[in-house]
Amino acid sequence: MSGDITRIHTGVPQHLDERFAHRAAMMKPSEIRSLFAVASRPDIVSLAGGMPNLTAFPMEMMAGVVEKLLLENGQEALQYGSGQGHPKLRTQICDVMALEGIHAHPDDVIVTTGSQQALDLISRIFIDPGDVVLVEAPSYVGALGTFHQYEAQVVHVAMDNDGLIPQALREAITSTRAAGRKIKFLYLIPNYQNPAGVLLTAERRTEILEICRSEAIFVIEDNPYGLLGFERPSPNAMRAEDSENVIYLGTFSKTIAPGLRVGWALVPQSLKEKMVIASESSILCPSNFTQLAISSYLSDQPWRDQIASFAQLYKVRRDAMLESLEKYFPKGATWTKPEGGFYVWVTLPPEIDTKALMPKAIVGKVAYVPGTAFYADGFGSWSMRLSYCYPSPEKIREGVKALGGVLATEMQLRGLN
Ligand code: PMP
């Protein structure tokens, strides 16, 4: 028996491919996933993964919340629940969103198993093979993977240090439509973007909303990092300005803990039923246990203070990374200066191929994610994402120093400095 299991897990015999559905061919491991095995070696400083840092999480307090929940309300917590999500938590989620200017009704909130599941549901509902999805250039690798599995054609729209460029969006819409293709939605991460770390300005938010409204294109606003601003609060959510044309995605993964797997979608009323039916067919209902644990945590604990201490922890790490980039990276490299979130995006001279450079970085005991992972079209080969969320400030300095050395040597080899 165990022999059979091993065989199933060690690879797919070729003839099985023929039995798969057509869409299974789209299921490929992400570039980041294959990196993780190497990046998680203890001798490597990983600036690759985007894992939230739980060292500041109050574990004992959460143990108390969970114990109390099971002792006082275990029958409900361990039972199946509503496909749309627990009503009490949906109400509390509206309070969380109010921090970013959103006035929402709990009826329009659908609780999901992380916002990743919401991305899957939206893709399932909207994308036919060949449909176009507009995304920032670069964009979140997990969303690109999902869109790819539903056979979307992903079109990247240029961004700069102020986020997605409205004029580039207009041009992308015109050229896509001129080519006879259907645009299903614009997917964007306005706050401390993954992977670029940039913040979309308030003016551009309004302009992008106007463009999408007038062109009848839904906006998917993915906002995992909005409450993790370092110096000042982020501008109001786009959904605060437009409740008809924006599908808003939120998650507790970065503000509480990712292992609980609780996120949500706030959708226009016309979409709610489809979302709930789609979600029920994949998971029946989100976990009552983790929803109620979060609900008790939000009612009884100082969750705003906890978010502030997470933000402080990430700010210290951001500072360590920016200081060491300044100190150790060679001339010719440029990078973004995030005001929140987890990531810095580095751009190098076009002669440097960050994917090909990875083995040398590993020898230097540091890992990052090559830029091509964040593009659907092979672009990005001379850029990389560095994350500062997880390692200690000392490790960040050590990693950036090592990577700076690897880059300087490579640039010298190519006569670039
Ligand atoms: N969107 C973005 C931009 C992310 O960075 C992540 C997590 N890395 C997710 C969605 C998914 O988060 P989760 O499923 O944990 O809510």
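Rules behind the numbers
- Residues numbered from 1 in each chain as written.
- Predicted model: local features only at pLDDT ≥ 70, side-chain atom pairs only at ≥ 80, totals over all residues.
- Heavy atoms only, no water.
- Helix = DSSP H or I, 4+ residues; strand = E, 2+ residues; numbered from the N terminus.
- Buried < 20%, exposed > 50% of the residue type's maximum accessible area, 1.4 Å probe, protein only.
- Contact = heavy atoms within 4.5 Å.
- Areas by Shrake-Rupley, 256 points an atom, 1.4 Å probe, with all protein chains shown as cover.
- Lys, Arg positive; Asp, Glu negative; His and termini not counted.
- Charge placed at Lys NZ, Arg CZ, Asp CG, Glu CD.
- Expected span 1.5 Å × (residues − 1).
- Axes fitted to C-alpha atoms, helices over the stretch in contact; angles between N-to-C directions.
- Parallel < 35°, antiparallel > 145°, perpendicular 65-115°, else oblique.
- Left-handed = near helix turned anticlockwise from the far one by under 90°.
- Pairing = 2+ DSSP bridges.
- Core = buried A, V, L, I, M, F, W, Y, C linked by side-chain atoms within 4.5 Å.
- Domains from an automatic or database assignment.
- Near = heavy atom within 4 Å.
- Polar contact = N/O pair within 3.5 Å; in protein donor to acceptor, adjacent residues only side chain to side chain.
- Nonpolar A, V, L, I, M, F, W, Y, C, P; charged D, E, K, R; others polar.
- Buried area = accessible area lost by both parts, 1.4 Å probe.
- Salt bridge = Lys/Arg side-chain N within 4 Å of Asp/Glu carboxyl O.

S.K.: Can you tell me about the overall build of the protein, naming the residues and giving the values?
M.R.: For the protein, the helix and strand inventory stands at 14 helices and 14 strands. With the C-alpha coordinates aligned to their principal axes, the bounding extent of the protein is approximately 65 × 60 × 55 Å. Counting over 417 residues, the protein shows a buried share of 53%. Contacts spanning at least 24 positions in sequence make up 76% of the contacts within the protein whose residues lie at least 6 apart. Per element, the accessible surface of the protein, about 18,900 Å² overall, is 54% carbon and sulfur. Taking the average location of the 39 positive side-chain charges in the protein and that of its 45 negative ones, the two points are 5 Å from each other.

S.K.: Any chance you could break down helix α5 (residues 87–98) for me, citing the residues and the numbers?
M.R.: Between the first and last C-alpha of α5 there are 17 Å, a value that for 12 residues agrees with the 16 Å anticipated at 1.5 Å per step. When we look at burial in α5, the residues that qualify are L89, R90, Q92, I93, C94, V96 and M97. On its buried face, α5 sits against β2 (109–112), β8 (246–251), β9 (263–266), α11 (288–300) and α12 (303–328).

S.K.: Any details on the packing of α5 against α11? Residues and values, ideally.
M.R.: Across the interface, α5 lies against α11 with an axial gap of 9 Å and an inter-helix angle of 50°. Judged by the inter-axis angle, α5 sits oblique to α11. With respect to the hand of their crossing, α5 and α11 are arranged in left-handed fashion. Counting all contacts with α5, which are made through K88, L89 and Q92, the residues of α11 involved are Q291, I294, S295, L298 and S299.

S.K.: Lay out the pairing of β2 with the relevant residues and their values.
M.R.: Residue alternation in β2 divides its side chains into two sets, V109 and V111 and I110 and T112, and both sets are buried. Where β2 lies against β9, 4 bridges are found, and the strand directions are antiparallel. Directly across from I110, in β9, lies its bridge partner A265.

S.K.: Go over the nonpolar core with me, naming the residues and quoting the values.
M.R.: Soluble globular proteins tend to bury their nonpolar side chains together. F252, F329 and L386 are the most contacted members of the largest nonpolar core, which has 84 residues in total. Per-element accounting of this core gives the leading share, 10 residues, to α12. Shared between two domains, this core holds at least three residues of each, these being domain 1 (22–57 + 305–413) and domain 2 (81–300). Residues in contact with L386, not counting those within four places in the same chain, are L47, M321, L325, F329, F342, Y343, V344, V346, Y368 and L403. In this structure, I189, I220, I247 and V276 belong to the second largest nonpolar core, which totals 27 residues.

S.K.: Explain the site of the ligand residue by residue, including any values.
M.R.: Taken together, 13 residues lie around the ligand, and D222, Y225, T251, S253 and K254 are the ones closest in. Contact distances for the ligand include 2.6 Å between an oxygen atom and a side-chain N or O atom of S253. K254 is positioned such that a nitrogen or oxygen atom in its side chain is 3.0 Å from a nitrogen atom of the ligand. A total of 400 Å² of accessible area belongs to the ligand in isolation, and the protein chains cover 91% of it. In terms of residue count, the dominant contributor to the shell around the ligand is helix α6 (residues 114–126) (3 residues). Considering only residue class, the shell around the ligand consists of 4 nonpolar, 6 polar and 3 charged.

S.K.: So, the domain arrangement of the protein: which residues are in play, and what are the values?
M.R.: Along its sequence, the protein is organised into domain 1 (22–57 + 305–413) and domain 2 (81–300). The centre of domain 1, based on its C-alpha atoms, is set 24 Å off from the matching centre of domain 2. Counting residues at the interface gives 32 residues for domain 1, matched by 33 residues for domain 2. Taken together, the two surfaces of domain 1 and domain 2 that pack against each other cover about 2,900 Å², and 66% of this comes from carbon and sulfur. The interface formed by domain 1 and domain 2 includes 2 salt bridges. A salt bridge links R232 to E339; its shortest N-O distance comes to 2.6 Å. Applying the counting rule to domain 1 against domain 2 returns 10 residue pairs in polar contact (both at pLDDT 80 or more). When contributions to the side of domain 1 that touches domain 2 are tallied by element, the ones reaching two or more residues are α12 and β11 (343–347). At 7 residues, α12 tops the list of elements feeding residues into the side of domain 1 that touches domain 2.

S.K.: Lay out the pattern of salt bridges in plain terms, naming residues and giving numbers.
M.R.: Applying the stated criterion across every chain yields a total of 16 salt bridges. Salt-bridge contacts for R41 lead to D43; the nearest nitrogen and oxygen are separated by 3.2 Å. The class of R41 is partly exposed, set by a relative accessible area of 35%. Taking relative accessible area as the criterion, D43 reaches 34% and is therefore assigned partly exposed. A salt bridge links D120 to R124, with the shortest nitrogen-to-oxygen separation between them at 3.9 Å. Taken together, the residues D120 and R124, both in helix α6 and 4 residues apart, mark about one turn of the helix.

S.K.: With reference to specific residues and values, describe the sheet that holds β11.
M.R.: As summarised here, the arrangement of the 4 strands in space is β10-β11-β14-β13, forming an open sheet in which the pairing is antiparallel. The open sheet has two free edges, formed respectively by β10 (334–335) and β13 (369–370), since each of these has just one partner strand. Bridge analysis of β11 against strand β14 (residues 383–387) gives 5 bridges, and the strand direction is antiparallel. From the neighbouring strand, V344 faces β14, where its bridge partner is L386.

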